Amino acid sequence: MNLNIKLYADGAIIDEMVESYHGEIIKGFTTNPSLMKKAGITDYEAFAKEALRKIPDMPISFEVFSDDFNVMEKEANKIASWGENVYVKIPISNSHGDSSIPLIKKLSEQGIQLNVTAIFTINQVRETVNAFSEGTSNIVSVFAGRIADTGVDPMPLMKEAAQICHHKKGVELLWASSRELLNIYQAEKCDCDIITCTPDILKKLPNIGKKPKQLSLETVQMFSTDSKELGFSII
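Let me sum up the structure you'll find in this document. (Residues numbered from 1 in each chain as written. Predicted model: local features only at pLDDT ≥ 70, side-chain atom pairs only at ≥ 80, totals over all residues. Heavy atoms only, no water.)

Some points on the side chain of S108
Moving on, step 1. Inspection of the secondary structure assignment puts S108 in helix α5 (residues 101–109).
Moving on, step 2. On the basis of relative accessible area, S108 is assigned to the buried category, the value being 1%.
Moving on, step 3. Dropping the residues within four chain positions of it, S108 is found in contact with L114, A131, F132, S133, T136 and N138. (Helix = DSSP H or I, 4+ residues; strand = E, 2+ residues; numbered from the N terminus. Buried < 20%, exposed > 50% of the residue type's maximum accessible area, 1.4 Å probe, protein only. Contact = heavy atoms within 4.5 Å.)

Structural notes on the sheet that holds strand β1 (residues 6–10)
Moving on, step 1. Ordered by their spatial adjacency, eight strands build a closed barrel running β1-β2-β3-β4-β5-β6-β7-β8, and the pairing between neighbours is parallel. On average, each strand axis in the sheet is tilted by 30 degrees relative to the strand beside it, whichever way the strands run.
Moving on, step 2. Sheet strands touched by helix α3 (residues 44–54): β3 (60–63) and β4 (86–91). Its angle to β3, the strand with the most contacts, is close to 175 degrees. (Pairing = 2+ DSSP bridges. Axes fitted to C-alpha atoms, helices over the stretch in contact; angles between N-to-C directions.)

Let's talk about the layout of surface pockets
Moving on, step 1. The volume enclosed by the largest pocket comes to roughly 840 Å³.
Moving on, step 2. Residue lining of the largest pocket: 32 residues in total, with D10, N32, S34, L35 and T198 positioned closest to the centre.
Moving on, step 3. Listed by contribution, the elements that provide at least two residues to the lining of the largest pocket are α2 (33–39), β4, β5 (114–119) and α10 (199–202).
Moving on, step 4. The element that contributes the greatest number of residues to the lining of the largest pocket is α2, accounting for five residues.
Moving on, step 5. A per-class count over the lining of the largest pocket returns 12 nonpolar, 11 polar and nine charged.
Moving on, step 6. In this structure, the second largest pocket encloses a volume near 390 Å³. (1 Å grid on protein atoms, 1.4 Å probe; cavity = no way out; pocket = protein on both sides within 12 Å on 5 of 7 lines; lining within 4 Å. Points joined across faces, edges and corners; volume = space filled by probe spheres on them. Nonpolar A, V, L, I, M, F, W, Y, C, P; charged D, E, K, R; others polar.)

Notes on unusual backbone geometry
Moving on, step 1. Of note in this structure, A118 is not a glycine but carries a positive phi near 65 degrees.
Moving on, step 2. Mapped onto the fold, A118 is located in strand β5.
Moving on, step 3. Unusually for a residue other than glycine, S177 sits at a positive phi of about 55 degrees.
Moving on, step 4. With respect to the helices, strands and loops of the structure, S177 is situated in the loop between β7 (171–175) and α9 (182–189).

Describing helix α1 (residues 14–21)
Moving on, step 1. Taken residue by residue, α1 has I14, M17, V18, S20 and Y21 as its buried positions. End-on, the buried residues of α1 take up no more than an arc of 160 degrees, which puts them together on one face. For α1, exposure combined with an orientation more than 90 degrees from the buried face picks out D15 and E19. (Arc of directions from axis to C-beta.)

Things to note about the packing of aromatic side chains
Moving on, step 1. For the structure shown, the criterion picks out six aromatic pairs.
Moving on, step 2. Ring plane angle 90 degrees and centroid distance 5.9 Å describe the contact between Y44 and W82, whose orientation is recorded as edge-to-face. Highlighted residues: Y44 in helix α3 and W82 in the loop between α4 (69–80) and β4, separated in sequence by 38 residues.
Moving on, step 3. What makes Y44 buried here is its relative accessible area of 16%. (Phe/Tyr/Trp six-rings, centres within 6.5 Å; stacked < 30°, edge-to-face > 60°.)

Examining the pattern of salt bridges
Moving on, step 1. Counted according to the given criterion, the structure contains 10 salt bridges.
Moving on, step 2. Ionic pairing is found between K54 and E50, a salt bridge with its closest N-O pair at 3.1 Å. You can see K54 and its partner E50 sitting in helix α3, four residues apart, about one turn around the helix.
Moving on, step 3. A residue is classified by how much of its surface remains accessible, and K54, at 38% relative accessible area, is partly exposed.
Moving on, step 4. The exposure class of E50 is partly exposed, given its relative accessible area of 26%.
Moving on, step 5. A cluster of three or more residues bridged by salt bridges with shared partners is formed by E45, K49 and K78. (Salt bridge = Lys/Arg side-chain N within 4 Å of Asp/Glu carboxyl O.)

Thoughts on a negative patch on the surface
Moving on, step 1. Negative charge collects at one region of the surface, where D15, E16, E19 and D200 lie side by side.
Moving on, step 2. With three residues, the single largest contributor to the negative patch is α1.
Moving on, step 3. The residue D200 is located in helix α10 in this model.
Moving on, step 4. Of the residues examined, D200 reaches a relative accessible area of 54% and is grouped as exposed. (Patch = residues over 30% accessible without salt bridge, like charges linked within 9 Å, V, L, I, M, F, W, Y side chains within 5 Å. Areas by Shrake-Rupley, 256 points an atom, 1.4 Å probe, with all protein chains shown as cover. Lys, Arg positive; Asp, Glu negative; His and termini not counted. Charge placed at Lys NZ, Arg CZ, Asp CG, Glu CD.)

Details of the nonpolar core
Moving on, step 1. One finds F62 and V140 to be the most contacted residues of the largest nonpolar core, which totals 66 residues.
Moving on, step 2. When residues of this core are assigned to their parent elements, the largest contribution, seven residues, is made by helix α8 (residues 155–165). (Core = buried A, V, L, I, M, F, W, Y, C linked by side-chain atoms within 4.5 Å.)

Right under this line is the structure:
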């Protein structure tokens, strides 16, 4: 892959994370409460510290859980203490719609590396970037995939978001909630710095460069194999 964008693996299964870590493609990792629930994680801190033991030198984002900003601040400080490669994920608002910008500003002033998540608008991007302290490293996660799920092309928004993010040193734009392999090339075209990919998307990387005729043959072969395994007979 001849791309400048960095691929981050999105998940919460340690074995899959470690496998990606030992490959040559993945440059970082993200997690979230929904992925942890799906993976059956029962001890958040134990999961995080195991991941950090096995992945000591790539960025990993761990998210706060609380809906209360005072508690969220305490969680953020604790998560940040787990390792130098940790980014603390802060949602752009709590579940009541109250803005997290004051907390983001406060945490950034403390030098905590942040990954501000669940961003959907240019105004949210601008407010977030403005809240970051100079000289800190941060990620702005815009949920391009979920924007596309509404029938709206996210690329114009992502291009504008990239310009805003790159006005401040140390701020990287992340294309979040990827849906397909094509998103990697779209994110690159928008000048995003990072894109998160699920294991299902990463499994499709070997398809890059394949000719349509080869894909056609492989598809027919898949249909043929599956039909034989079904044991169906029409005549």
